[in-house]
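Notes for the structure review
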Amino acid sequence: AAATPAIAHAAEAAGLPPLVASFGPAQLDKAILDALTRHHGVSIFEAARTNLFDLTTALTPDLEGFDMDAFLANLSPQPVIAARHTVGMVDPITSADIADGARVDDGLPETLEEVIRATNVDHFKLKVGGNVEADIARLSAIAGVLDKLPTRYRATLDGNEQYATVDGIAALWDAMEETPALERLRGSILFIEQPIARAKAFSEDVSSLSNRKPIEIDESDGTLDAFVEAKALGYQGVSSKSCKGFYKALLNKARCTKWNAEEGTNRYFMSAEDLTTQAGLAVQQDLALATLIGCTHVERNGHHYVNGLSAVSREEQEAFLSAHSDLYEDSHGAVRMSFFNGRIGIGSLDGPGFASGAMPDLEAMRRCHYTP
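Residues numbered from 1 in each chain as written. Predicted model: local features only at pLDDT ≥ 70, side-chain atom pairs only at ≥ 80, totals over all residues. Heavy atoms only, no water.

1. Concerning the overall build of the chain
Across its full length, the chain carries 14 helices and eleven strands. For the chain, the C-alpha radius of gyration of 21 Å lies close to 21 Å, the compact-globule estimate for 372 residues. Scored against the burial criterion, the 372 residues of the chain give a buried share of 49%. When contacts within the chain are restricted to residue pairs at least 6 apart in sequence, those whose partners lie at least 24 apart make up 73%. Surface accessibility of the chain: about 17200 Å² in total, with carbon and sulfur atoms responsible for 54%. Here the chain contributes 32 positively and 52 negatively charged side chains, and the mean placements of these two sets differ by 2 Å. (Helix = DSSP H or I, 4+ residues; strand = E, 2+ residues; numbered from the N terminus. Rg over C-alpha atoms; globule rule 2.2 N^0.38 Å. Buried < 20%, exposed > 50% of the residue type's maximum accessible area, 1.4 Å probe, protein only. Contact = heavy atoms within 4.5 Å. Areas by Shrake-Rupley, 256 points an atom, 1.4 Å probe, with all protein chains shown as cover. Lys, Arg positive; Asp, Glu negative; His and termini not counted. Charge placed at Lys NZ, Arg CZ, Asp CG, Glu CD.)

Right, dumping it as structure tokens:
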């Protein structure tokens, strides 16, 4: 709380957007939290329940009078969380989408169909690109796969800042309602994530669409009061990412709790989104934060982009596998995230420290040189 104003001022002077400026402090906060919880021999969950880090509303006047201690004491992290599989704009849906000779062939699933068969995932994050006709065509192809699932599936629609106005994204939703092939998929959509570019996201009221389908901010969540500003424009949700800050997520969750209690609804919500968090400390601490704020599913996409923990020493891989056997498996030549019936086991994160019973092999690390 003492550092935040100075960091914001320095970042502004350096021309850094608030969302970018939050990353460094977020990393430091996690390191300090790990030291604090290890010193006291408690988990991050117990630290939250007892407000060991002394979180207050000093920087959030809109929460003045809110009982932070009681709020934190009532948080209920769970030992399992559903993985929400990301379907990106260029991700293959079926084998027909992979050109001859373009397969990686490493034994891991490469298409949406294969991911479902391998993991039994039933939560999905579907990205759209800002062109209604093209988005409808792609969503229809995705629905052709998802609708084969014998049980109910859930999905979110990620606008990814691709639409210029609320009318643009509303036109997409109208087109989805007019497309019979999207009936089941449309009914599965929980919310729409940041459909409008951050430069214009707060320039108009979005209630005309958010009253039909909830909308949340993601990239526009750059400052501590961004969610308050978004709420006034009709947004109902805000994303959580470790890179935006541990305490910020808790404060936004407190806002949801306060606003819902005042209105007697469950209108305001948080989601857990990924920013290519990698196996090891990053993904574990992000998963811990997601379950701490009550999310029952979390976007996971970072594990697609690297080969598990293969970049670190075998000793480090074995250490993380031993400490978190519910979260990892040893397969295809490396320790990697494990999925069981579309879920991720995270019970082992409830131990001393910030969500890790193992530590990076510092001696095996290689120095990276950066030249601006």
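Once you've had a look at it, read on.
2. Quick notes on the environment of aspartate 330
Topologically, aspartate 330 is positioned in strand β9 (residues 328-331). The exposure class of aspartate 330 is partly exposed, given its relative accessible area of 40%. Discounting residues that sit within four places of it in the chain, aspartate 330 has contacts with Arg314, Glu318, Leu321 and Val335. Among the polar contacts made by the side chain of aspartate 330, one reaches the side chain of arginine 314 at a distance of 2.2 Å. (Polar contact = N/O pair within 3.5 Å; in protein donor to acceptor, adjacent residues only side chain to side chain.)

3. Side note on unusual backbone geometry
Even without being glycine, aspartate 54 reaches a positive phi, approximately 60°. Relative to the helices and strands, aspartate 54 is located in the loop between α4 (44-49) and α5 (68-73). In this structure aspartate 54 comes out as exposed when scored by relative accessible area, which is 58%.

4. Brief notes about the nonpolar core
Grouped together as the largest cluster of nonpolar side chains are 91 residues, with contacts concentrated most on Phe124 and Leu157. If one sorts the elements of this core by residue count, helix α12 (residues 246-263) sits on top with seven residues. Not counting residues within four places of it along the chain, the set of residues in contact with leucine 157 comprises Leu126, Val128, Leu139, Leu172, Trp173, Met176, Ile189, Phe191, Ile192 and Glu193. (Core = buried A, V, L, I, M, F, W, Y, C linked by side-chain atoms within 4.5 Å.)

5. Looking at the packing of helix α7 (residues 132-146) against helix α8 (residues 166-177)
The geometry of α7 relative to α8 is characterised by a closest axis approach of 10 Å and an angle of 40° between their N-to-C directions. Our classification of the angle between α7 and α8 gives oblique. When the axes of α7 and α8 are compared, the crossing they make is right-handed. Counting all contacts with α7, which are made through Val132, Asp135, Ile136 and Leu139, the residues of α8 involved are Gly168, Ala171, Leu172, Ala175 and Met176. (Axes fitted to C-alpha atoms, helices over the stretch in contact; angles between N-to-C directions. Parallel < 35°, antiparallel > 145°, perpendicular 65-115°, else oblique. Left-handed = near helix turned anticlockwise from the far one by under 90°.)

6. As for the packing of aromatic side chains
To describe a pair of aromatic rings, you give the distance between the ring centres and the angle between the ring planes. Overall, the coordinates contain eleven aromatic pairs when judged by the stated rule. Ring geometry for phenylalanine 191 against phenylalanine 269: centres 5.1 Å apart, planes inclined by 40°, an arrangement best described as tilted. You can see phenylalanine 191 sitting in strand β4 (residues 189-193) and its partner phenylalanine 269 sitting in strand β7 (residues 269-272), a full 78 residues away along the chain. A relative accessible area of 5% means that phenylalanine 191 is categorised as buried. With relative accessibility at 16%, the residue phenylalanine 269 sits in the buried group. A connected cluster of aromatic rings, assembled from ring pairs, spans Phe53, Phe246, Tyr247 and Phe354. Above the face of the tryptophan 259 ring, lysine 231 is positioned so that its terminal group lies 5.0 Å from the ring centre. (Phe/Tyr/Trp six-rings, centres within 6.5 Å; stacked < 30°, edge-to-face > 60°. Lys NZ or Arg CZ within 6 Å of the ring centre and 35° of its normal.)

7. Quick notes on the pattern of salt bridges
For side chains of opposite charge, pairing can occur when their charged atoms come near one another. Scanning the entire structure with this criterion turns up 24 salt bridges. The salt bridge partner of aspartate 122 is arginine 343, with a shortest N-O separation of 2.7 Å. Linking aspartate 122 in the loop between α6 (112-119) and β2 (123-127) with arginine 343 in strand β11 (residues 343-345), this pair joins segments that are 221 residues apart in sequence. Residue aspartate 122 is classed as buried on the basis of its relative accessible area of 16%. We note a salt bridge from aspartate 330 to arginine 314, for which the minimum N-O separation is 2.2 Å. Here aspartate 330 is found in strand β9, whereas its partner arginine 314 is found in helix α14 (residues 314-323), with 16 residues between them in sequence. Given the relative accessible area of 33%, arginine 314 is considered partly exposed. (Salt bridge = Lys/Arg side-chain N within 4 Å of Asp/Glu carboxyl O.)

8. A closer look at α8
Along an α-helix, residues three or four positions apart point the same way, because every turn accommodates 3.6 residues. Helix length check: α8, at twelve residues, gives a terminal C-alpha distance of 16 Å against a target of 16 Å (1.5 Å per residue), a fit within 8%. All of the buried residues along α8 are Val166, Gly168, Ile169, Ala170, Leu172, Trp173, Ala175 and Met176. Looking at the packing, one finds that the buried side of α8 touches α7, β3 (154-158), α9 (183-188), β4 and α10 (207-210). (Expected span 1.5 Å × (residues − 1).)

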